[in-house]
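Notes for the structure review
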Amino acid sequence: MRVLVTGGAGYVGSTLVPALLAEGHHVRVLDRLRAGGEGLLSCCGHAGFEMVVGDVCDERAVAEALRGVDAIVHLAAVVGEPACAGEPAQAWMTNVEGTSTLVKLRQAGQSLLFASTGSVYGKVTDAVCTEATSVDPNTRYAKAKALGEQMVLDAGNAVVYRFATAFGVSQRLRTDLLVNDFVYKAVRQGYLVVYQPGFRRTLVHVRDMARSIVFALGNWHGLADDVYNVGNAELNLSKAAIAGAIARRTECYVHFAEFATDPDQRDYAVSYRKIEDKGFTAEVDLETGLAELCGAARLVP
Ligand SMILES: NC(=O)c1ccc[n+]([C@@H]2O[C@H](COP(=O)([O-])OP(=O)(O)OC[C@H]3O[C@@H](n4cnc5c(N)ncnc54)[C@H](O)[C@@H]3O)[C@@H](O)[C@H]2O)c1
């Protein structure tokens, strides 16, 4: 299959693209390389790998990138509320207009997987979110993703994945994600400050994210035109539990504080039964991810 991955040079993409190449797919990446392209260096010698440096809002670049592909995995985004709040106009352009440009220019036969986020559920404390839970986005990031979901579902031949918060080592490592950030600080500073420790988060390892996308491309007709939560059912954990696991491994000091809050006040648990019933189950557990992150924390600046 010929696959276009937008945002393929990022944290998820730099794990996904080698996985797709290993499955025998031809992969073209469209990315404006906001954080560089080093995450894809290992792919450059592969005959099935192609790079288009460009913006998802640029119709010419998108049209060129779409030529001849069977499937699109749309990852390109300004990711997370702090990043969106830092550059709201750019975030809106990329996250809303970029998605609309792709939807407009792709052929109906080109299948489209949209990377959304569990944060579209907003602040849900009293229930486990399923795909039937109504969305209530309360940040710029989540609102843009909810709009993107609607656009791709209205257009058809699409799958929406609402990913949990990612963790783990990727070729382009992000240290701003909750678990990655905690491990980095635990290893490099020797202490962790955790606010709102009782708040629950739901996690997925970055390799499981990549596997779930490979799974979707291989099982498209069973999944198409629907929304799936994608995460690890064993990893609906409070911040205190995550910090505790890191402290046991690193012997860092953990201070629970009440002086700050998350921008989106996320405190929720999510069910992954729907995608599991289709045949995909996340496999990488917290301890495996923590072990590799502890090693990586000493290698990155
Ligand atoms: N990492 C997570 O925890 C998580 C959780 C849920 C959903 N997601 C979604 O998964 C996708 C990938 O996330 P990530 O963690 O790899 O993010 P990332 O920031 O590491 O990667 C995003 C990539 O998109 C590229 N990009 C940004 N704006 C662009 C534009 N206008 N045109 C072309 N390329 C552009 C960047 O250069 C970067 O390589 C995103 O859509 C994100 O919303 C991520």
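Residues numbered from 1 in each chain as written. Predicted model: local features only at pLDDT ≥ 70, side-chain atom pairs only at ≥ 80, totals over all residues. Heavy atoms only, no water.

Some remarks on the packing of helix α4 (residues 88-105) against helix α5 (residues 140-155)
- In the contact formed by α4 and α5, the axes pass within 9 Å of each other and the chain directions differ by 5°. As the angle between them shows, α4 and α5 are arranged roughly parallel. Here α4 contributes P88, W92, N95, V96, T99, S100 and V103 to the contact with α5, which in turn contributes R140, Y141, A144, L147, G148, M151, V152 and A155.
- Along the lines of polarity and charge, the residues of the contact of α4 with α5 split into 10 nonpolar, four polar and one charged. (Axes fitted to C-alpha atoms, helices over the stretch in contact; angles between N-to-C directions. Helix = DSSP H or I, 4+ residues; strand = E, 2+ residues; numbered from the N terminus. Parallel < 35°, antiparallel > 145°, perpendicular 65-115°, else oblique. Contact = heavy atoms within 4.5 Å. Nonpolar A, V, L, I, M, F, W, Y, C, P; charged D, E, K, R; others polar.)

Comments concerning the domain arrangement of the protein
- Taken domain by domain, the protein consists of domain 1 (2-166 + 203-232) and domain 2 (168-201 + 234-297).
- Taken together, the contacts link 45 residues of domain 1 with 41 residues of domain 2.
- Interface area, domain 1 with domain 2, both sides summed: about 3800 Å², of which 58% is carbon and sulfur.
- It is Y11, L203 and N232 that lose the most area in domain 1 upon contact with domain 2, and together they represent 22% of the buried surface on that side.
- Counting across the interface, domain 1 meets domain 2 through three salt bridges.
- The partner of R211 in a salt bridge is E283, and the shortest N-O contact between them spans 3.5 Å.
- In this assembly, domain 1 and domain 2 are joined by 21 residue pairs in polar contact (both at pLDDT 80 or more).
- Elements with a contribution of two residues or more to the side of domain 1 that touches domain 2: α1 (13-22), α3 (81-86), β6 (128-129), β8 (165-167), β10 (200-205), α7 (206-218), α8 (220-223) and β11 (226-230).
- No other element matches α7, which puts six residues into the side of domain 1 that touches domain 2. (Domains from an automatic or database assignment. Buried area = accessible area lost by both parts, 1.4 Å probe. Salt bridge = Lys/Arg side-chain N within 4 Å of Asp/Glu carboxyl O. Polar contact = N/O pair within 3.5 Å; in protein donor to acceptor, adjacent residues only side chain to side chain.)

A look at the sheet that holds strand β3 (residues 49-53)
- Spatial ordering of the open sheet is given by β3-β2-β1-β4-β5-β7-β11, a layout of seven strands whose pairing is parallel. Lying at the two open borders of the sheet, with one neighbouring strand each, are β3 and β11. Taken pair by pair, the neighbouring strands of this sheet meet at an average axis angle of 20°, ignoring direction.
- Note that strand β2 (residues 26-31) and β3 share five bridges and pair parallel. What sits directly across from V29, in β3, is M51.
- Contacting β1 (2-6), β2, β3 and β4 (71-74), helix α2 (residues 59-66) runs over the sheet at an angle of about 175° to β2.
- Together, β1, β4, β5 (111-117), β7 (158-163) and β11 form the strand contacts of α7, whose direction differs from that of β7 by roughly 165°. (Pairing = 2+ DSSP bridges.)

Describing unusual backbone geometry
- One non-glycine residue with positive phi stands out, namely Q196, at about 45°.
- Mapped onto the secondary structure, Q196 falls in the loop between β9 (191-195) and β10.
- Despite not being glycine, D225 has its phi angle at roughly 65°, a positive value.
- Here D225 is to be found in the loop between α8 and β11.

Describing the side chain of N180
- Its place among the elements puts N180 in helix α6 (residues 178-188).
- Note on N180: relative accessible area 3%, which makes it buried. (Buried < 20%, exposed > 50% of the residue type's maximum accessible area, 1.4 Å probe, protein only.)

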